[in-house]
Amino acid sequence: MDFWFTLILVIDVIVALCIIGLVLLQHGKGADVGAAFGSGASGSLFGASGSANFLSRTTAVLAVVFFLTTFILAYIVTHKPRVGGGVMDTVKEQPAPTQQVPLPGAAPDAGKSPEGEKSKANEVPK
C-alpha cells in the first residue's frame, strides 16, 4: 500500500508543477490587443488562437488528473487498516504492586514520614 501511496503522490506533485508551468505560459485576455498590432502570435506553432486552445485544454485535463489523484490520496490516508485496537494495546502488562502488610500492634503510619519533612523520632526533647 505504501508503494501506491508514494507513486500517486509523485504523480500528484508532477501534475501540480505542470499546471503551474502551463498557467504561466498562457496569455491573459489583455494580450490579444498586442496580437492585433503584429506581435507575432499568428506565426506560432499552433496559429493565432491554436496555442490558447491547446494550453487551456491541457491545463483543464491536468486539473482533472490533479483532483483525481488528490481524492485518491485522501481516500488512502483516511482508510488505512489499523494495526492494533488502540494505544493501550501496545503497553505491556505489568504485575500488580505488592502491598505491605503492617505488623500486628504497630501504628498504621509508624515509620512513615511525609516527603520533605525530617523524621522527629530521633530528636532529643529540650
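Cut-offs applied
- Residues numbered from 1 in each chain as written.
- Predicted model: local features only at pLDDT ≥ 70, side-chain atom pairs only at ≥ 80, totals over all residues.
- Heavy atoms only, no water.
- Helix = DSSP H or I, 4+ residues; strand = E, 2+ residues; numbered from the N terminus.
- Buried < 20%, exposed > 50% of the residue type's maximum accessible area, 1.4 Å probe, protein only.
- Contact = heavy atoms within 4.5 Å.
- Areas by Shrake-Rupley, 256 points an atom, 1.4 Å probe, with all protein chains shown as cover.
- pLDDT = per-residue confidence, 0-100.
- Polar contact = N/O pair within 3.5 Å; in protein donor to acceptor, adjacent residues only side chain to side chain.
- Core = buried A, V, L, I, M, F, W, Y, C linked by side-chain atoms within 4.5 Å.
- Phe/Tyr/Trp six-rings, centres within 6.5 Å; stacked < 30°, edge-to-face > 60°.
- Patch = residues over 30% accessible without salt bridge, like charges linked within 9 Å, V, L, I, M, F, W, Y side chains within 5 Å.
- Salt bridge = Lys/Arg side-chain N within 4 Å of Asp/Glu carboxyl O.

## Focus on the overall build of the chain
No. 1: Helices and strands together make up the secondary structure of the chain, namely 3 helices and 0 strands.
No. 2: Secondary structure of the chain in N-to-C order comes out as α-α-α.
No. 3: Out of the 126 residues belonging to the chain, those deemed buried represent 10%.
No. 4: Within the chain, residue pairs in contact and separated by at least 24 positions form 86% of the contacts whose partners lie at least 6 positions apart.
No. 5: Summed over all atoms, the accessible surface of the chain reaches about 11500 Å², with 65% contributed by carbon and sulfur.

## Side note on the confidence of the model for the chain
No. 1: Per-chain confidence: the chain averages 76 in pLDDT, with 60% of residues scoring 70 or above.
No. 2: Confidence, expressed as mean pLDDT per element, reaches its minimum in the chain at helix α2 (residues 31-36) with 56 and its maximum at helix α1 (residues 2-25) with 94.

## Some words on the side chain of aspartate 12
No. 1: Here aspartate 12 shows up in helix α1.
No. 2: We classify aspartate 12 as buried; its relative accessible area is 10%.
No. 3: Of the polar contacts made by the side chain of aspartate 12, one reaches the side chain of threonine 69; its length is 2.6 Å.
No. 4: Those residues in contact with aspartate 12 that lie beyond four places of it in its chain are Phe66, Thr69, Thr70 and Leu73.

## Here's the deal with the nonpolar core
No. 1: With 5 residues, the main nonpolar core is built from Val15, Ile19, Leu22, Leu55 and Leu62.
No. 2: Among the secondary structure elements, those contributing two or more residues to this core are α1 and α3 (50-78).
No. 3: Per element, the largest residue contribution to this core is 3 residues, and it comes from α1.

## Overview of the packing of aromatic side chains
No. 1: Under the criterion given, the structure shown has 3 aromatic pairs.
No. 2: Centroid distance phenylalanine 3 to tryptophan 4: 5.4 Å. Interplanar angle 70°. Geometry classified as edge-to-face.
No. 3: Taking relative accessible area as the criterion, phenylalanine 3 reaches 56% and is therefore assigned exposed.
No. 4: Seen from their ring centres, phenylalanine 66 and phenylalanine 67 are 6.0 Å apart, and the 65° between their planes marks the pair as edge-to-face.

## Things to note about the environment of valine 65
No. 1: Turning to its location among the elements, valine 65 is positioned in helix α3.
No. 2: For valine 65, a relative accessible area of 30% translates into the label partly exposed.
No. 3: Measuring from C-alpha to C-alpha, the distance between valine 65 and isoleucine 11 comes to 9.1 Å, with 54 residues separating the pair along the chain.

## Let's talk about the side chain of threonine 69
No. 1: Mapped onto the secondary structure, threonine 69 falls in helix α3.
No. 2: Taking relative accessible area as the criterion, threonine 69 reaches 10% and is therefore assigned buried.
No. 3: Those residues in contact with threonine 69 that sit more than four places away from it in its chain are Ile8, Ile11 and Asp12.

## Details of a nonpolar patch on the surface
No. 1: A surface patch of nonpolar side chains, amounting to about 500 Å² of accessible area, comprises Leu9, Val13, Leu17, Ile20 and Leu24.
No. 2: Tracing the sequence through the fold places valine 13 in helix α1.
No. 3: Judged by its relative accessible area of 45%, valine 13 falls in the partly exposed class.

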